[in-house]
Amino acid sequence: MQKKILVTGALGQIGSELVPALRKKYGNDNVIAVGYSKESGEFNKPFERVDATNKEELRTLIEKYQINTIYHLVGILSAVGEKNPNLAWHTNMESLKNILDLAVEYKIDRLFWPSSIAAFGPTTPLFDTPQETILAPTTMYGVTKVAGELLCQYYNLKYGLDVRSLRYPGIISWKTPPGGGTTDYAVAIYYEAVKNGSYDCFVKDDTILPMMYMDDAVNATLELMEADSEKIKIRTSYNLTAVSFSAKELADNVAKYVPNFKCTFTPDSRQKIADSWPKTIDDTSARKDWGWKPKFDLDQISMEMIKNLKEKFQTKI
Ligand code: SER
């Protein structure tokens, strides 16, 4: 059957790279990019503007394009969520509930929804965090991720919905900057290194978090969604990781490729969020069940980020 794919949150950090990858694979016209803004950014048509907390707006699109696959990427991230917890709960939960209900009603083949390392909290084991473990986050964003994971599993058990999810680590990318997350320093450091040769990092130098290059994140998503249904044993969300490093190791690595790069560390309110998340993740289940394997280590990430950002901003450094 021809895939007809809807991607919500298409203008966000992940959407802006997942949509082109999906279009390359399944054909431009079979992937409907959906954003909250009227401006389609760099996207070709089909692009639609939608408020994903409005079920009827979503229904209209599913009917108009005869959608059978959905990637629901809408989400308020951790730092913005702490500034406005009501907005985070409303946006993240209302939109997911709408999508789950419509997916059942319209017999959607497959649904993808992103979870995060933010589903974990300070009482979770910090190192090699297991797949099955304590999920007691202390951010509203994390609360919506745990509630969302359980809701996804519920719809799978109750209605047989083929819903699949990944607990993404921090994602590093150069095309579209992330908006309002805690792991954003690992992106901003490259932007600032290339543009100004210096960066004032908002977490302490010994802060370690799990991270991944965008190409790995896109591949993981495509591979998870391509896998045969019986291979998907976990219907809450799969642990996923590529590489963990401290903010200092990151700064030292950037300095290898940007001569005279200077990094200072001035922690702000996001430090507390970073401290509540694991440092390394055990993603054995993803590797075993559907063959997950990352390709990019920190050196490769730095080389790719700096090369692409230099082109983007036409800087020499
Ligand atoms: N990158 C996200 C954030 O920092 C975590 O999923 O909020």
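Residues numbered from 1 in each chain as written. Predicted model: local features only at pLDDT ≥ 70, side-chain atom pairs only at ≥ 80, totals over all residues. Heavy atoms only, no water.

Student: Before we go on, may I ask you to explain the overall build of the protein in this structure?
Tutor: Broken down by element type, the protein carries 11 helices and 12 strands. By the compact-globule yardstick of 20 Å for 317 residues, the protein fits well, its C-alpha radius of gyration being 19 Å. When the backbone C-alpha atoms are referred to their principal axes, the protein occupies close to 55 × 45 × 40 Å. Restricting to contacts in the protein with at least 6 residues of sequence separation, those with at least 24 account for 77%. When the accessible surface of the protein is summed, it comes to about 13700 Å², and 51% of that surface belongs to carbon and sulfur atoms. (Helix = DSSP H or I, 4+ residues; strand = E, 2+ residues; numbered from the N terminus. Rg over C-alpha atoms; globule rule 2.2 N^0.38 Å. Contact = heavy atoms within 4.5 Å. Areas by Shrake-Rupley, 256 points an atom, 1.4 Å probe, with all protein chains shown as cover.)

Student: Explain the pattern of salt bridges here, please?
Tutor: If the charged atoms of two oppositely charged side chains come close together, the side chains can form a pair. In this structure the tally under the stated criterion is 14 salt bridges. Aspartate 299 is the salt-bridge partner of lysine 256, the closest N and O atoms lying 2.9 Å from each other. With lysine 256 in helix 8 (residues 247–257) and aspartate 299 in helix 11 (residues 298–313), this residue pair connects regions lying 43 residues apart in the sequence. The exposure class of aspartate 299 is partly exposed, given its relative accessible area of 26%. A salt bridge links aspartate 283 to arginine 287; its shortest N-O distance comes to 2.7 Å. With a relative accessible area of 5%, aspartate 283 lands in the buried category. The class for arginine 287 is partly exposed, based on a relative accessible area of 38%. Through salt bridges with shared partners, a single ionic network connects Arg110, Asp162, Arg164 and Arg235. (Salt bridge = Lys/Arg side-chain N within 4 Å of Asp/Glu carboxyl O. Buried < 20%, exposed > 50% of the residue type's maximum accessible area, 1.4 Å probe, protein only.)

Student: Quick question: what am I supposed to make of the sheet that holds strand 7 (residues 170–172) here?
Tutor: Note: strands within a sheet are paired through backbone hydrogen bonds, in either parallel or antiparallel orientation. Spatial ordering of the open sheet is given by 7-9-11, a layout of 3 strands whose pairing is mixed. Of all the strands in the sheet, the pair left with one neighbour each is strand 7 and strand 11 (243–246). On average, adjacent strands in this sheet sit at an angle of 45° to one another, irrespective of strand direction. Bridging between strand 9 (residues 208–213) and strand 11 involves 4 bridges; their strand directions are antiparallel. Among the inter-strand pairings, methionine 211 is bridged to a residue of strand 11, identified as valine 243. Strand contacts of helix 7 (residues 214–226): strand 7 and strand 9, with the helix running at about 70° to strand 9, the strand carrying the most contacts. (Pairing = 2+ DSSP bridges. Axes fitted to C-alpha atoms, helices over the stretch in contact; angles between N-to-C directions.)

Student: What's the story with the packing of helix 6 (residues 185–196) against helix 8 in this structure? I'm lost.
Tutor: The relative placement of two packed helices is expressed as an angle between their axes plus a distance between the axes. Where helix 6 contacts helix 8, the two axes come as close as 11 Å, and the packing angle between them is 25°. In terms of axis orientation, helix 6 runs roughly parallel to helix 8. Crossing of helix 6 over helix 8 shows right-handed handedness. Taken together, the residues of helix 8 that come into contact with helix 6 (itself represented by Tyr185, Ala186, Ile189, Tyr190 and Ala193) are Ala247, Leu250, Ala251 and Val254. Class assignment for the residues of the contact of helix 6 with helix 8 results in 9 nonpolar, no polar and no charged. (Parallel < 35°, antiparallel > 145°, perpendicular 65-115°, else oblique. Left-handed = near helix turned anticlockwise from the far one by under 90°. Nonpolar A, V, L, I, M, F, W, Y, C, P; charged D, E, K, R; others polar.)

Student: I tried to follow the sheet that holds strand 10 (residues 238–239) on my own but got confused; where do I start?
Tutor: Reading across the sheet, the 7 strands line up as 3-2-1-4-5-6-10 and stay open at both edges, with parallel pairing between neighbours. Here the strands that pair on one side only, and so sit at the sheet edges, are strand 3 (47–49) and strand 10. On the sheet, helix 1 (residues 15–26) packs against strand 1 (5–8), strand 2 (31–35) and strand 4 (69–72) and is oriented at approximately 165° with respect to strand 2.

Student: Please explain the site of the ligand as it appears in this structure.
Tutor: Around the ligand, the structure places Leu77, Ser78, Ser116, Tyr141, Gly181, Thr182, Thr183 and Trp277. Between the ligand and the protein, one listed contact pairs an oxygen atom with a side-chain N or O atom of serine 116 at 2.6 Å. Between the ligand and the protein, one listed contact pairs a nitrogen atom with a side-chain N or O atom of threonine 183 at 2.8 Å. For the ligand, whose free accessible area comes to 240 Å², the fraction covered by protein is 92%. (Near = heavy atom within 4 Å. Polar contact = N/O pair within 3.5 Å; in protein donor to acceptor, adjacent residues only side chain to side chain.)

Student: Would you explain the environment of glutamate 57 in this entry?
Tutor: Along the polypeptide, glutamate 57 turns up in helix 2 (residues 55–65). Overall, the relative accessible area of 28% leaves glutamate 57 in the partly exposed class. Separated by 23 residues in sequence, glutamate 57 and valine 34 place their C-alpha atoms 11 Å apart. In this structure glutamate 57 touches Arg49, Val50 and Asp51, once residues within four positions along its chain are discounted. Here the side chain of glutamate 57 touches aspartate 51 through a polar contact of 2.8 Å, landing on its backbone nitrogen.

Student: I keep staring at the pairing of strand 4 and nothing clicks. Help me out?
Tutor: For a regular strand, the rule is simple: side chains alternate between the two faces of the sheet. Residue alternation in strand 4 divides its side chains into two sets, Thr69 and Tyr71 and Ile70 and His72, and both sets are buried. Examined bridge by bridge, strand 1 and strand 4 share 4 bridges and lie parallel to one another. Across the sheet, residue threonine 8 finds its bridge partner in strand 4, namely histidine 72. Two strands pair when backbone bridges link them, and strand 4 and strand 5 (residues 110–116) are joined in this way by 3 bridges, in the parallel orientation.

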